[in-house]
Structure formats: structure tokens, C-alpha cells
Amino acid sequence: MNTALGRRVRVLAATTATAGLVLVAGCSSDDDGGNGSKTAAGGVELVRGGQLTTCTHLPYPPFQSEIDGKVQGFDVSLIDLVADDLGVRQEILDTPFENFKTGAFLNSGECDLAAAGMTITDERKKNVDFSDPYFEATQAVLADKDSGITSFADLKGKKVGAQAQTTGEDYARSQGLDPVSFESSDAVLNGLRTGQVDAVVIDYPVVQGWLKDEANAAAFTVAEQVNTGEQYGFTVRKGNDKLREAIDKALAEAKSDGTYKKLYEQWIGPYDEDAAASPAAS
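Report follows, based on the coordinates. (Residues numbered from 1 in each chain as written. Predicted model: local features only at pLDDT ≥ 70, side-chain atom pairs only at ≥ 80, totals over all residues. Heavy atoms only, no water.)

**A closer look at the overall build of the protein chain**
Check the secondary structure of the protein chain and you find 10 helices and 14 strands. Going through the 282 residues of the protein chain one by one, you find that 51% of them count as buried. Here the contacts in the protein chain between residues at least 6 apart in sequence split such that 70% fall between residues at least 24 apart. (Helix = DSSP H or I, 4+ residues; strand = E, 2+ residues; numbered from the N terminus. Buried < 20%, exposed > 50% of the residue type's maximum accessible area, 1.4 Å probe, protein only. Contact = heavy atoms within 4.5 Å.)

**Things to note about the sheet that holds strand β10 (residues 160-163)**
Sheet architecture is open: five strands sit in the order β11-β10-β12-β9-β13, paired in mixed fashion. In this open sheet, the two edge strands, each paired with only one partner strand, are β11 (180-182) and β13 (220-232). The sheet shows a mean angle of 25 degrees between the axes of neighbouring strands, direction not considered. Relative to strand β12 (residues 199-203), strand β9 (residues 135-144) is paired through five bridges, and the arrangement is antiparallel. By the bridge assignment, V141 is partnered in β12 with V201. Across the sheet, helix α6 (residues 185-193) lies against β9, β10, β11, β12 and β13, angled at about 160 degrees from β12, the strand it touches most. (Pairing = 2+ DSSP bridges. Axes fitted to C-alpha atoms, helices over the stretch in contact; angles between N-to-C directions.)

**A few points about the packing of aromatic side chains**
In total, this model carries 14 aromatic pairs according to the counting rule given. Taking the centre distance of 5.4 Å and the plane angle of 80 degrees together, the rings of F74 and Y260 count as edge-to-face. Placement of F74 in helix α1 (residues 74-86) and of Y260 in helix α10 (residues 259-267) is noted, with a sequence separation of 186 residues between them. Here Y260 falls in the buried class, since its relative accessible area comes to 1%. Three or more aromatic residues link up through ring pairs in this structure, and these residues are Y60, F63, F74, Y134, F135, Y232, F234, Y260 and Y264. Over the ring of Y260 we find K255; its NZ or CZ atom is 5.6 Å from the centre of that ring. (Phe/Tyr/Trp six-rings, centres within 6.5 Å; stacked < 30°, edge-to-face > 60°. Lys NZ or Arg CZ within 6 Å of the ring centre and 35° of its normal.)

**As for empty space enclosed by the protein**
Using a probe with the size of a water molecule, rolled over the atoms, empty space left in the structure can be pinpointed. In the structure shown here, the tally under the stated rule is two cavities of 30 Å³ or more. In this model, the largest cavity occupies a volume close to 80 Å³. For the largest cavity, the lining is made up of 12 residues, of which Y60, F97, G117, T166 and T167 are closest to its centre. Approximately 50 Å³ is the volume found for the second largest cavity. If you trace the second largest cavity, you find it lined by C55, T95, N99, F100, G103, F105, L106, A114, V128 and T235. Elements with a minimum of two residues in the lining of the second largest cavity: α2 (98-102) and α3 (104-107). Across the lining of the second largest cavity, the residue classes break down as six nonpolar, four polar and no charged. (1 Å grid on protein atoms, 1.4 Å probe; cavity = no way out; pocket = protein on both sides within 12 Å on 5 of 7 lines; lining within 4 Å. Points joined across faces, edges and corners; volume = space filled by probe spheres on them. Nonpolar A, V, L, I, M, F, W, Y, C, P; charged D, E, K, R; others polar.)

**A look at the state of the cysteines**
The final tally for this structure, using the stated rule, is one disulfide. Disulfide pairing places C55 opposite C111 at an S-S distance of 1.9 Å. Of note, the bridge from C55 to C111 carries an S-S torsion of about 65 degrees and is right-handed in sense. Separated by 56 residues along the polypeptide, C55 in strand β3 (residues 51-56) and C111 in the loop between α3 and β7 (113-114) bring together distant segments of the chain. (Disulfide = S-S within 2.5 Å.)

**Considering the pattern of salt bridges**
One pass over the full model with this rule turns up eight salt bridges. For D129, the salt bridge identified is with K238, shortest N-O distance 3.3 Å. Of this pair, D129 sits in strand β8 (residues 128-130) while K238 sits in the loop between β14 (235-237) and α9 (241-257); the two residues are 109 residues apart in sequence, bridging distant segments of the chain. By sharing partners, the salt bridges in this structure join D241, R244 and D248 into a single network. (Salt bridge = Lys/Arg side-chain N within 4 Å of Asp/Glu carboxyl O.)

**As for the pairing of β9**
The element β9 is largely enclosed, with a buried count of eight among its 10 residues. When β9 meets β13, the two strands line up antiparallel, connected through nine bridges. When the bridges of β13 are listed, Q139 appears paired with V226.

**A short note on the packing of α1 against α9**
Direction vectors running N to C along α1 and α9 enclose 115 degrees, while the axes themselves pass 9 Å from each other. Of the possible angle classes, the one that applies to α1 and α9 is roughly perpendicular. Helix-helix and strand crossings are classified by hand; for α1 and α9 the assignment is right-handed. For the pair α1 and α9, the contacting residues are L78, L81, V82, D85 and L86 in the first and L243, A246, I247, K249, A250, L251, E253 and A254 in the second. Each residue belonging to the contact of α1 with α9 can be placed in one class, and the counts come to 10 nonpolar, no polar and three charged. (Parallel < 35°, antiparallel > 145°, perpendicular 65-115°, else oblique. Left-handed = near helix turned anticlockwise from the far one by under 90°.)

**Digging into helix α5 (residues 167-174)**
Taken together, the buried positions of α5 are occupied by T167, G168, E169 and A172. Buried residues along α5 sit against α4 (122-125), β9, β10, β11, β12 and β13. Where α5 terminates, the next one or two residues include G176, which has phi positive at roughly 90 degrees.

Remember that the coordinates give geometry; whether it matters functionally is a separate question.
Spelled out as C-alpha cells, the structure:
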């Protein structure tokens, strides 16, 4: 997801906010937007009053993408639960992905948290604090049905695509491949459709979403799923323990009362208990 830093930040409506899309230069951390106190339930401090501001990078279905003028998806629905607990609404900013690795928009007060189908890694932990893991992810090799590719091993000598600055790209490189980098998941799929690459390596849930389309299912096949031990987490600014704890609480309650399962089936597909990751060991 290698997006130019000069790109404008987009403020988008989540499912709980008013539908619409606005292009802005960013939100001032000193502005409460006329929505009241910046202190939410449980003493959680917010960058803007009355809203939980979420940084993401679009599109990344089924976790977040624009549908009918609103940003929707699995991540969005889970963070809506956090916002409900805090007594505020969720507001989403579409931002460059490199900021998720550095925590730049969290540290500058643009966002309260980041939600972008992001894998928990030790390197990223140096810059941000992660919630408990909420999703177990595998990488998938998706190839044209006529390519002859039936496994990851078959990618040697082939043109392989991946999304820039993601763990899928990192894994492909770690296995000796030189993947073509695409800016977004949509661009990855387009590269496969147009023959720019013979196959792609990307998170399996993304592939599941693609294959719901009959044309994609007819043209492409999952050659292999690779278990890389990845877990997704939401991130907050280093030391923002109250918000991190509020996220963990909402996740735990959603898993215990069946809400997580319902949202998983809505956005991803048949429920896999292994996908509801256990809390990270301390």
C-alpha cells in the first residue's frame, strides 16, 4: 500500500455516521467539531469530541471498503462496537498505509486508532500499541486457472503480484521471489486480470471476497493457502491504555455473545473458530 504522502486525507462516513464523503487536509486535534467533550465513557480521551476517529486505507475488502457511499466491512463493524460502548460515533479517515507502520497519524492526533487488516509484528510494536488479536490470517496464492500454478513452489520463475508494504509482499520476498508491487488490493486483482502477473500472494480473506464474484471464480483458483502465523490487531498511540483496553473489552464481549460470529459470517464467510484469535500472551 505505497501511497504518496502528499495525498489528501479523506474523511468518510462509517455505517453509524451520516453518509457522505469529504476531502480535507486533516482534522485538528484541538477541534472538538462542536460535538462536546473529548472524554468518552470510561475516561477514554478522544482527539475530537463525540466521535471515535479511525484511520484506515481503502479499499481492503472485506475489512473495509466503500459500499453504497459508506465505508463498511468487518473492521468497521467491530470498531462500531467500541464506539457504541464509548457513547460516540465512528468517523473514518482514508490515509496512506505507511502511516500505520510508523503510527504517524496516531502520534499527531489525527486519529484515535487505526484499523486496516493489519498484522501484528514486533517491528510495528515499536511504534504503536496493538489490541488483542481479532483475526487469524493466512496468505493465499491466487492464479489464473490456465496458468499451471498449483502451489506456492510453482511461483518460481513466474510474475507474481503483491500489495505494497504488506506481509504478503514480505513473505514472497523472504521466499526468494521478486514480486510486482501494487498500491491497493484492487490494483493487485486488476494486475492479475490484465495479465500483468501470473499469480498474486495476498491475505486469504481478501481472496475469499474476490471469489464471491462469479467472473473471478470462473477465471482464478486458489493454488495454495500458506499459514504464516499472522494475527490482525487494531492499533492505538503508544501508551493509550484506556482506549486499547476499551477495544479489547468490546472484542471479548463480541466473541462471548455471538456478535463476532455474526459479523464474521456477514463479511467473510462460514465461521471458523480458529479465526477468533485468543488474546495475545503478555
